[in-house]
Amino acid sequence: MAARTDGTSGDLYSWDVQCRDARRAGPGGVSADRQRAVDALAEALSGERTGASGVVWAVRLNLGRDPGYFYDGLIANGFRDPRSGAVTVEAAR
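Here's a quick rundown of the structure. In this text, all values refer to a predicted model and were calculated from it rather than measured experimentally. (Residues numbered from 1 in each chain as written. Predicted model: local features only at pLDDT ≥ 70, side-chain atom pairs only at ≥ 80, totals over all residues. Heavy atoms only, no water.)

1. Topic: the packing of aromatic side chains
Inference 1: A full pass over the atoms with the stated rule returns one aromatic pair.
Inference 2: Between W57 and Y71, the ring centres sit 5.7 Å apart and the planes meet at 90°, which makes this aromatic pair edge-to-face. Residue W57 is found in strand β3 (residues 53–62), and its partner Y71 is found in strand β4 (residues 68–80); the two are separated by 14 residues along the sequence.
Inference 3: Residue classification places W57 among the partly exposed positions, given a relative accessible area of 28%. (Phe/Tyr/Trp six-rings, centres within 6.5 Å; stacked < 30°, edge-to-face > 60°. Helix = DSSP H or I, 4+ residues; strand = E, 2+ residues; numbered from the N terminus. Buried < 20%, exposed > 50% of the residue type's maximum accessible area, 1.4 Å probe, protein only.)

Shown next, in the form of structure tokens:
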């Protein structure tokens, strides 16, 4: 059986950053490569103010009446430390 290429197999990864400033949305994106999504989260967090946090989720496209994503599982959590400014991203294996 051939692999599906329409994104419904769970082979997409959505990442986004939540800023401490509630007046604006943080950066985010979608990648077909798990490690690239985790790396993008870390890079985005390094450009935010301290206290920002973010996540990477495994997702599948929902091609139904209301298109969007089905969230299949949390892949990584990240944050920028409020004291030191260091970025930490912990990814599940």
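2. Here's the deal with helix α1 (residues 34–46)
Inference 1: With 13 residues, α1 extends 19 Å between its outermost C-alpha atoms, agreeing within 8% with the 18 Å of an ideal straight helix rising 1.5 Å per residue.
Inference 2: Residues of α1 that are buried: A37, V38, A40, L41, A44 and L45. Angular distribution of buried residues about the axis of α1 spans 160°; they occupy a single face of the element. In α1, those exposed residues whose orientation departs by more than 90 degrees from the buried face are R36 and E43.
Inference 3: Those residues of α1 that are buried are in contact with β1 (12–18), β2 (28–31), β3, β4 and β5 (87–91).
Inference 4: Structurally, the start of α1 carries an N-cap: the backbone nitrogen of Q35 is 3.1 Å from a side-chain oxygen of D33. (Expected span 1.5 Å × (residues − 1). Arc of directions from axis to C-beta. Contact = heavy atoms within 4.5 Å. Polar contact = N/O pair within 3.5 Å; in protein donor to acceptor, adjacent residues only side chain to side chain.)

3. Notes on the pattern of salt bridges
Inference 1: For the structure shown, the criterion picks out one salt bridge.
Inference 2: Notably, a salt bridge pairs R60 with D72, separated by 3.0 Å at the nearest N-O pair. Highlighted residues: R60 in strand β3 and D72 in strand β4, separated in sequence by twelve residues.
Inference 3: On the basis of relative accessible area, D72 is assigned to the partly exposed category, the value being 41%. (Salt bridge = Lys/Arg side-chain N within 4 Å of Asp/Glu carboxyl O.)

4. Thoughts on the pairing of β1
Inference 1: Most of β1 sits out of view: five of its seven residues are buried.
Inference 2: Both β1 and β3 contribute to a ladder of seven bridges, which runs antiparallel. Residue pairing across strands places Y13 opposite A58, the latter belonging to β3.
Inference 3: Bridge count between β1 and β2: four bridges; the pairing is antiparallel. (Pairing = 2+ DSSP bridges.)

5. Let's talk about the side chain of S31
Inference 1: Mapped onto the fold, S31 is located in strand β2.
Inference 2: Here D33 takes part through its backbone nitrogen, which lies 3.0 Å from a polar atom of the side chain of S31.
Inference 3: With residues up to four places along the chain from it excluded, the contact list for S31 reads D11, L12, Y13, R36 and A37.

6. Considering the nonpolar core
Inference 1: One finds Y13, W15, V17, L41, V56 and I75 to be the most contacted residues of the largest nonpolar core, which totals 14 residues.
Inference 2: Contributing elements (two or more residues each) for this core: β1, α1, β3 and β4.
Inference 3: With six residues, the single largest contributor to this core is α1.
Inference 4: Setting aside anything within four residues of it in sequence, one finds Y13 in contact with G29, V30, S31, A32, D33, R34, A37, V56, W57, A58, V59 and I75. (Core = buried A, V, L, I, M, F, W, Y, C linked by side-chain atoms within 4.5 Å.)

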